[in-house]
Protein chains: 2
Amino acid sequence: MISKKTKYALKALGYLAEHSTGDPILISELAKEENIPRKFLEAILVSLRKGGVLKSKIGKGGGYMLALPAAQITIGRVVGILEGGFALVECLNDNVKVACEECGDPACCGIRLVMSEVKSAIDSVLESTTLADMVERSESARQHKSKIMDYSI
Amino acid sequence: MISKKTKYALKALGYLAEHSTGDPILISELAKEENIPRKFLEAILVSLRKGGVLKSKIGKGGGYMLALPAAQITIGRVVGILEGGFALVECLNDNVKVACEECGDPACCGIRLVMSEVKSAIDSVLESTTLADMVERSESARQHKSKIMDYSI
DNA sequence: ACATAAGCCTACTTGATCTATAGACATAGG
DNA sequence: CCTATGTCTATAGATCAAGTAGGCTTATGT
């Protein structure tokens, strides 16, 4: 289950991707428009900045902007920043080479072997989907729906 | 990330699948052999029994047995029993038709659309892998390794 | 230079959930 | 009836997610 943090992050990034005009967007605007607790959002945005997907401008007239085109930001990257990797068992997280306490031999641990496959499956989706895809898909779902509404009137 | 509960469950089930002779196996044996806290394991086994993958015999000479052949128990089923469904967002859990508080319109929520794809990817692995597969894969990894050891001696 | 509008940082609170443990109870076998 | 075994209920402790508070730093415009 992804955390609220990650959900908020994706919502905020979606908003930035949709409303970006080159000028920075205020935290308070993001918080209000996407219904995210202001202070909580601050922390999330800092993580995203440190993770390289956002850049900020301090001081009057400041705010947040995407650091990259939305089409170059994968959902996997965002999830990775906020969930700290996205493996299903510790011993599959990037950078972690130690075995879980339980499985004596990581190479032979059945659980690890299976979960490694699951992780690949997840990653292949998450790494191939970008913020731009997400926004576009949401938009087209919305249009599709309003079209149906039209017919029914 | 899967919980320890789920890991313990898979380990216990793996042991049962490997050592099943028709006679029930004691909780204490499972706990000892797989290094699982005895009382914690008890609770896990009860869940698995209620979930239909184990059956128990009470009283002297009692213990636990698989309720089905290992080849008919999917890892997805086990994970589902212990994690209570395995969606990445609430609104994708089976039986749950309500929207997450955040996404006003579930049909148009980009996050939901993406996570729904991820869930499909996870499920396709988890539902197509059985306990028997897991045990067999672990076993063959172990043999492969010992073979390499042989050569190196 | 100063006032103001931003983001930045550190610390804390609260509540939930995961992990683990204890002890009394129920059931079957001999 | 005694003993071995699983079952149930309750609870304690640790960890973590979610949210809150307040002060600090940096930039802009006058």
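Structural notes, computed from the coordinates. It should be emphasised that the depicted structure is a prediction, and the values quoted were computed from it without experimental measurement.

**Brief notes about the side chain of A:T6**
Inspection of the secondary structure puts A:T6 in helix 1 (residues 4–19). Beyond its immediate chain neighbours, meaning those up to four positions away, A:T6 contacts A:V79, A:L82 and A:E83.

**Considerations on unusual backbone geometry**
Residue and element names in this part refer to chain A. Even without glycine at this site, N35 takes up a positive phi of about 60 degrees. Looking at where N35 falls in the secondary structure, it is placed in the loop between helix 2 (27–34) and helix 3 (38–50). Note on N35: relative accessible area 64%, which makes it exposed.

**Quick notes on the environment of A:A71**
Residues and elements named next belong to chain A. Along the polypeptide, A71 turns up in the loop between strand 2 (63–66) and helix 4 (75–83). Judged by relative accessible area, which is 52%, A71 ranks as exposed. Sequence separation of A71 and S124 is 53 residues, and the distance between their C-alpha atoms is 16 Å. With sequence-adjacent residues up to four places away left out, A71 is seen in contact with T130 and A132.

**Focus on the protein's contact with DNA strand C**
Close to DNA strand C lie 26 residues, the nearest being A:I27, A:S56, A:Y64, B:K4 and B:K39. Counted by atom, the contact set of DNA strand C within 4 Å of the protein is 67% sugar and phosphate. Note that a base nitrogen of DNA strand C is positioned 3.2 Å from one of the side-chain N or O atoms of A:E42. Residue A:S56 places a side-chain N or O atom 2.9 Å away from a phosphate oxygen belonging to DNA strand C. Listing elements by their share of the surface near DNA strand C, those giving two or more residues are helix 3, strand 1 (54–57) and strand 2 of chain A together with helix 1 (4–19) and helix 3 (38–50) of chain B.

**Some words on the environment of A:T130**
Residue and element names in this part refer to chain A. Inspection of the secondary structure assignment puts T130 in the loop between helix 5 (110–128) and helix 6 (131–152). Judged by relative accessible area, which is 10%, T130 ranks as buried. What T130 contacts, discounting residues up to four positions off in sequence, is A70, A71, I73, T74 and I75.

**Considerations on the protein's contact with DNA strand D**
Near DNA strand D there are 25 residues, and of these A:K39, B:I27, B:E42, B:R49 and B:Y64 occur at the shortest range. Close to the protein, within 4 Å, the atoms of DNA strand D belong to sugar or phosphate groups at a rate of 66%. A distance of 3.1 Å separates a phosphate oxygen of DNA strand D from a polar backbone atom of A:K4. Between DNA strand D and the protein, one listed contact pairs a phosphate oxygen with a side-chain N or O atom of A:Y8 at 3.3 Å. Contributing elements (two or more residues each) for the surface near DNA strand D: helix 1 and helix 3 of chain A together with helix 3, strand 1 (54–57) and strand 2 (63–66) of chain B. Top contributing element to the surface near DNA strand D by residue count: helix 3 of chain B, with four residues.

**Things to note about the packing of helix 1 of chain B against helix 3 of chain B**
Packed helices, taken two at a time, are described by the angle their axes make and the gap between the axes. Residue and element names in this part refer to chain B. Packing of helix 1 against helix 3 brings their axes to within 10 Å, and their N-to-C directions diverge by 75 degrees. In this view, helix 1 runs roughly perpendicular relative to helix 3, as classed from their interaxial angle. The segment helix 1 lies against helix 3, with K5, Y8, A9, A12 and L13 engaging F40, L41, I44, L45 and L48. Of the residues assigned to the contact of helix 1 with helix 3, the class counts are nine nonpolar, no polar and one charged.

**Quick notes on the packing of aromatic side chains**
Residue and element names in this part refer to chain A. This structure, assessed with the given rule, holds two aromatic pairs over all chains. Between Y8 and F40, the ring centres sit 5.8 Å apart and the planes meet at 90 degrees, which makes this aromatic pair edge-to-face. Within this pair, whereas Y8 is found in helix 1, its partner F40 is found in helix 3, the two being separated by 32 residues in sequence.

About the cut-offs
Residues numbered from 1 in each chain as written. Chains lettered and ligands numbered in written order. Predicted model: local features only at pLDDT ≥ 70, side-chain atom pairs only at ≥ 80, totals over all residues. Heavy atoms only, no water. Helix = DSSP H or I, 4+ residues; strand = E, 2+ residues; numbered from the N terminus. Contact = heavy atoms within 4.5 Å. Buried < 20%, exposed > 50% of the residue type's maximum accessible area, 1.4 Å probe, protein only. Near = heavy atom within 4 Å. Polar contact = N/O pair within 3.5 Å; in protein donor to acceptor, adjacent residues only side chain to side chain. Axes fitted to C-alpha atoms, helices over the stretch in contact; angles between N-to-C directions. Parallel < 35°, antiparallel > 145°, perpendicular 65-115°, else oblique. Nonpolar A, V, L, I, M, F, W, Y, C, P; charged D, E, K, R; others polar. Phe/Tyr/Trp six-rings, centres within 6.5 Å; stacked < 30°, edge-to-face > 60°.

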